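Below, each chain spelled out in residue letters.
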Amino acid sequence: MNTHTPPLPRDVGLVNWVGLWTLYHREVRRFLKVYTQTIAAPVVTTLLFYAIFALALGGVVRRAGNVPFLEFLAPGLVMMSMAQNAFANTSSSMVISKVQGNIVDVLMPPLSGIELALGFVLGGVTRGLVVGTATTLAILAFVPIGIHSPFFVVYHAVMASMMLALLGLIGGIWAEKFDHIAAFTNFVVTPLTFLSGTFYTVDRLPEPFWWVAHANPFFYMIDGFRYGFIGQSDGTLAVGVAVLAGTNLLLWALLLRMIATGYKLKA
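In this text, all values refer to a predicted model and were calculated from it rather than measured experimentally.

Here's the deal with the packing of aromatic side chains
Here is step 1: Summed over all chains, the structure comprises 14 aromatic pairs.
Here is step 2: A centroid spacing of 5.8 Å and a plane angle of 5° characterise the contact between F87 and F184, whose relative ring orientation is stacked. Taken together, the residues span a long stretch of sequence, with F87 in helix α3 (residues 69-100) and F184 in helix α7 (residues 178-194) at a distance of 97 residues.
Here is step 3: A residue is classified by how much of its surface remains accessible, and F87, at 4% relative accessible area, is buried.
Here is step 4: In this structure, R226 packs its charged tip against the face of F72, placed 3.8 Å from the ring centre.

Laid out in structure tokens, this is it:
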């Protein structure tokens with residue numbers, strides 16, 4: 001007489017590391033599989049932005065503060081590319097899962113709310129950093145920029161990618177179709193990015209707009225990142241570090257609340 005021992009439930013412990021790694025690995029493989037769209041295309045777009053500004057200047061050496069304008073511009077373009085791609089990774093992943101109806105495959109496994117969020121967000125951060133690294137290497141062929149402060153480069157790259165990945169996941173959960181996430185991108189992410197001092201120094205803005213720029217968290221992620229390369233900033237560096245940390249904490253709290261309540265995730 002054969003007796004079979006029934007399978008026992010697996011104790012995942014305090015953290016489901018296997019599940020977290022699997023979700024993160026899926027998110028990374030998702031963008032690496034189409035690297036021409038997710039990595040190469042942003043690099044080309046950034047180089048086109050740089051080429052347009054270089055041609056518009058017509059060889060005139062203009063300066064932003066104490067550095068040539070093109071050297072001032074390069075870190076902002078890199079950060080813009082990182083932010084947009086970190087946002088796109090989490091938002092597209094969530095919206096596609098909801099539209100195709102396979103979001104249940106993510107919600108059913110024994111993953112806590114924070115593990116679920118971490119898997120998506122870390123995937124977005126990874127894409128942002130990969131795109132940022134590739135863009136930096138490509139743009140170095142055209143403009144010689146050194147690293148003034150490695151801490152500010154790494155800190156702002158990671159925190160900015162995390163902020164946009166969180167925004168992307170929040171927007172993806174809120175969105176019910178692709179039109180909604182497109183509206184979120186066009187009316188929230190893009191304006192905040194372009195009005196953050198990517199292409200100009202905010203010190204030249206008149207006073208009301210100067211205050212508006214300094215109220216924009218995107219300004220601090222670009223300003224601190226640029227300082228890490230050229231040693232020049234428009235804002236207070238310590239304030240920028242605190243604003244990014246505080247903004248990410250607020251976004252984490254909102255995201256975990258949305259997941260815990262099943263907002264637009266559970267029928």
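Quick notes on helix α10 (residues 237-261)
Here is step 1: Between its first and last C-alpha, α10 extends 37 Å over 25 residues, near the 36 Å set by a 1.5 Å rise per residue.
Here is step 2: Turning to α10, its buried residues number three or more, namely G240, L244, T247, N248, L251, W252, L255, M258 and I259.
Here is step 3: Elements in contact with the buried residues of α10: α5 (113-139), α6 (150-174) and α9 (217-230).

Thoughts on the pattern of salt bridges
Here is step 1: Summed over all chains, the structure comprises 3 salt bridges.
Here is step 2: R26 is the salt-bridge partner of E27, the closest N and O atoms lying 2.7 Å from each other.
Here is step 3: Here E27 and R30 are joined by a salt bridge, their closest N and O atoms 3.9 Å apart. Placement of the pair is E27 and R30 together in helix α1 (residues 17-32), with a separation of 3 residues, close to one helical turn.
Here is step 4: Overall, the relative accessible area of 29% leaves R30 in the partly exposed class.
Here is step 5: Among the ionic contacts, a cluster of salt bridges with common partners joins R26, E27 and R30.

Description of unusual backbone geometry
Here is step 1: The residue K264 is not glycine, and still its phi comes out positive at about 55°.
Here is step 2: The exposure class of K264 is partly exposed, given its relative accessible area of 32%.

Overview of the environment of G19
Here is step 1: Here G19 is to be found in helix α1.
Here is step 2: Between the alpha carbons of G19 and P109 there is a distance of 7.7 Å; along the sequence they are 90 residues apart.

Section: the environment of I39
Here is step 1: With respect to the element layout, I39 can be found in helix α2 (residues 35-57).
Here is step 2: Taking the C-alpha atoms as reference, I39 lies 18 Å from Y24; in sequence the two are 15 residues apart.
Here is step 3: In this structure, I39 is in contact with F31, L32, V130, V131 and A134, ignoring residues within four places of it in sequence.

The rules we used
Residues numbered from 1 in each chain as written. Predicted model: local features only at pLDDT ≥ 70, side-chain atom pairs only at ≥ 80, totals over all residues. Heavy atoms only, no water. Phe/Tyr/Trp six-rings, centres within 6.5 Å; stacked < 30°, edge-to-face > 60°. Helix = DSSP H or I, 4+ residues; strand = E, 2+ residues; numbered from the N terminus. Buried < 20%, exposed > 50% of the residue type's maximum accessible area, 1.4 Å probe, protein only. Lys NZ or Arg CZ within 6 Å of the ring centre and 35° of its normal. Expected span 1.5 Å × (residues − 1). Contact = heavy atoms within 4.5 Å. Salt bridge = Lys/Arg side-chain N within 4 Å of Asp/Glu carboxyl O.

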